[in-house]
Amino acid sequence: MTIKHILSCNQFTPSFIENLFNNTKKIKNISTKENYYKKFNHSTKILANLFYEPSTRTSSSFFSAAVKLGLSVIPINEMKYSSVAKGETLEDTIRTMGCYSDIIVLRHFEKGSAEKAAKVSNIPIINAGDGDGEHPTQALLDLYTIFENTMDKNIKVGFMGDLKWGRTVHSLSKLLNLYNIETHYIAPEYFQLPEEYRKQNGFYHTQIKEILPELDILYVTRIQKERIEDKSLLDSYNSDDYIINLEKIKHSKKNLMIMHPLPRVGEIATEIDNDPRAFYFNQMQNGLYVRMAIIDYLLCYSA
Ligand code: NCD
């Protein structure tokens, strides 16, 4: 089975993930060697990095991953300077980039936009976040970070924060479900995981206290303010309840993994940064290697 576009975590199987992660591991191991670039043969290829929404890590890691593989990059993230500002449709922009590049990374504010783009694209599309839909490459780097630390599938993973609008949670939940991993969702009722992402092995909580001591992984997310039109809903979100600091994790497992897709806006106190339970900077670093493996896969196998 080959995957032409990376659109949703529904596309992945454990064997696809295993192969991708084996390549990621190889890439990570050679990343400090001098002949890094010579290993890959993508120097005639071009990646279009098309960002309709703000991004630091995703856009830079794709940019860096592409350059490290020998590709050149067309960065488009200031839409006001492109034809989008003149009212061009997403489809026409995708057709255009298909003439000038070999692979498109797309972040867009609309759920379903990556699928829409793939329908008219003659080159691979990578969904780098479609509104409150999915963020499959983030989920892959999250899972890579988890498996790097533990291969045990008999673990309990907790998600805490804005689970309604947070696309990274939607995608990672789907991946964990592939391995039948037990998941716990901790959020105020309004911000709970939408029905469409709920699976048999999920449990729902409003308070972290009741479940934290049992968790092996705690995945924290920020509230997605930019997606919430009715700002009065923000008042129902008592952010203190959904902040993690050293005091709160006093009774966690010693080897708890604390994860976050970043950016954080106060949900994880910086006093945790140097604690062995902090894994969010590992995720950030692994994003580079996982995205190199993804680009390499799409260029090699989906041609
Ligand atoms: C996430 C996103 O864009 O969905 N960021 C990221 O890509 N690492 C999380 C977020 O913005 O909260």
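So, here's what we can say about the structure. (Residues numbered from 1 in each chain as written. Predicted model: local features only at pLDDT ≥ 70, side-chain atom pairs only at ≥ 80, totals over all residues. Heavy atoms only, no water.)

### Quick notes on the overall build of the protein chain
Part 1 of the argument: Of regular secondary structure, the protein chain possesses 7 helices and 9 strands.
Part 2 of the argument: Relative to its length of 303 residues, the protein chain is compact, with a C-alpha radius of gyration of 19 Å against a globular reference of 19 Å.
Part 3 of the argument: Taken over 303 residues, the protein chain has a buried fraction of 55%.
Part 4 of the argument: The contacts in the protein chain between residues at least 6 apart in sequence include a share of 70% that link residues at least 24 apart.
Part 5 of the argument: A total of about 13,900 Å² of accessible surface is found on the protein chain, and carbon and sulfur atoms cover 49% of it.
Part 6 of the argument: Side chains of the protein chain carry 36 positive and 36 negative charges; the gap between the two charge centres is 6 Å. (Helix = DSSP H or I, 4+ residues; strand = E, 2+ residues; numbered from the N terminus. Rg over C-alpha atoms; globule rule 2.2 N^0.38 Å. Buried < 20%, exposed > 50% of the residue type's maximum accessible area, 1.4 Å probe, protein only. Contact = heavy atoms within 4.5 Å. Areas by Shrake-Rupley, 256 points an atom, 1.4 Å probe, with all protein chains shown as cover. Lys, Arg positive; Asp, Glu negative; His and termini not counted. Charge placed at Lys NZ, Arg CZ, Asp CG, Glu CD.)

### Things to note about helix 2 (residues 57-68)
Part 1 of the argument: Its 12 residues give helix 2 an end-to-end C-alpha distance of 16 Å, which sits within 8% of 16 Å, the value for a rise of 1.5 Å per residue.
Part 2 of the argument: Along helix 2, the positions that sit buried rather than exposed are Thr58, Ser59, Ser61, Phe62, Ala65 and Ala66.
Part 3 of the argument: Summarising the contacts, the buried residues of helix 2 are in contact with strand 1 (46-51), strand 2 (72-76), strand 3 (103-108), strand 4 (125-130), helix 5 (136-149) and helix 7 (280-301).
Part 4 of the argument: Looking one or two residues past helix 2, Gly70 carries a phi angle of roughly 100°, positive in sign. (Expected span 1.5 Å × (residues − 1).)

### Notes on helix 1 (residues 14-30)
Part 1 of the argument: Under the 1.5 Å per step criterion, the end-to-end length of helix 1 is 24 Å for 17 residues, consistent within 8% with the ideal 24 Å.
Part 2 of the argument: All of the buried residues along helix 1 are Phe16, Ile17, Leu20, Phe21, Thr24, Ile27 and Ile30.
Part 3 of the argument: Summarising the contacts, the buried residues of helix 1 are in contact with helix 5, helix 6 (167-178) and helix 7.

### Remarks on the site of the ligand
Part 1 of the argument: Close to the ligand lie Thr58, Arg107, His135, Gln138, Arg167, Thr168, Arg222, Gln224, Pro261, Leu262 and Pro263.
Part 2 of the argument: Within the side chain of Arg167, an N or O atom sits 2.8 Å from an oxygen atom of the ligand.
Part 3 of the argument: A distance of 2.9 Å separates a nitrogen atom of the ligand from a polar backbone atom of Pro261.
Part 4 of the argument: Against a free-state accessible area of 320 Å², the protein chains account for coverage of 94% of the ligand.
Part 5 of the argument: Taken together, the residues of the shell around the ligand sort by class into 3 nonpolar, 5 polar and 3 charged. (Near = heavy atom within 4 Å. Polar contact = N/O pair within 3.5 Å; in protein donor to acceptor, adjacent residues only side chain to side chain. Nonpolar A, V, L, I, M, F, W, Y, C, P; charged D, E, K, R; others polar.)

### Examining the environment of Glu214
Part 1 of the argument: For Glu214, the position within the fold is in the loop between strand 7 (202-205) and strand 8 (217-220).
Part 2 of the argument: Judged by relative accessible area, which is 37%, Glu214 ranks as partly exposed.
Part 3 of the argument: Residues Glu214 and Ile155, spaced 59 residues apart in sequence, show a C-alpha to C-alpha distance of 9.2 Å.
Part 4 of the argument: With sequence-adjacent residues up to four places away left out, Glu214 is seen in contact with Lys156 and Lys253.
Part 5 of the argument: A distance of 2.7 Å separates a polar atom in the side chain of Glu214 from a polar atom in the side chain of Lys156.

### Observations regarding the packing of aromatic side chains
Part 1 of the argument: Counted by the stated rule, this structure contains 14 aromatic pairs.
Part 2 of the argument: A ring pair is formed by Phe12 and Phe16, whose centres lie 5.2 Å apart and whose planes are at 5°; its orientation type is stacked.
Part 3 of the argument: For Phe12, a relative accessible area of 3% gives the class buried.
Part 4 of the argument: Relative to Tyr242, the ring of Tyr237 lies with its centre 5.3 Å away and its plane at 35°, an arrangement referred to as tilted. Grouping residues by exposure puts Tyr237 and Tyr242 together as buried.
Part 5 of the argument: Each residue in the set Phe12, Phe16, Tyr297 and Tyr301 is aromatic and connected to the rest through ring pairs, giving one cluster. (Phe/Tyr/Trp six-rings, centres within 6.5 Å; stacked < 30°, edge-to-face > 60°.)

### Brief notes about the sheet that holds strand 4
Part 1 of the argument: Read across the open sheet, the 4 strands follow the order 2-1-3-4; overall the sheet is parallel. Two strands in the sheet have a free side with no partner beyond their single neighbour: strand 2 and strand 4. This sheet shows a mean twist of 10° between the axes of neighbouring strands, independent of strand direction.
Part 2 of the argument: Along the sheet, helix 4 (residues 113-120) makes contact with strand 3 and strand 4, crossing strand 4 at roughly 160°. (Pairing = 2+ DSSP bridges. Axes fitted to C-alpha atoms, helices over the stretch in contact; angles between N-to-C directions.)

### Quick notes on the pattern of salt bridges
Part 1 of the argument: Counting across every chain of the model gives 14 salt bridges.
Part 2 of the argument: Where Glu110 meets Lys116, a salt bridge forms, and the shortest distance between an N and an O atom there is 3.1 Å.
Part 3 of the argument: Note on Glu110: relative accessible area 33%, which makes it partly exposed.
Part 4 of the argument: As a salt-bridge pair, Asp275 and Arg277 come within 2.8 Å of each other at their nearest N and O atoms. Considered together, Asp275 and Arg277 belong to a single accessibility category, that of buried residues.
Part 5 of the argument: Each of the salt bridges in this network shares a partner with another, and the network as a whole consists of Glu53, Arg167 and Arg227. (Salt bridge = Lys/Arg side-chain N within 4 Å of Asp/Glu carboxyl O.)

Remember that the coordinates give geometry; whether it matters functionally is a separate question.
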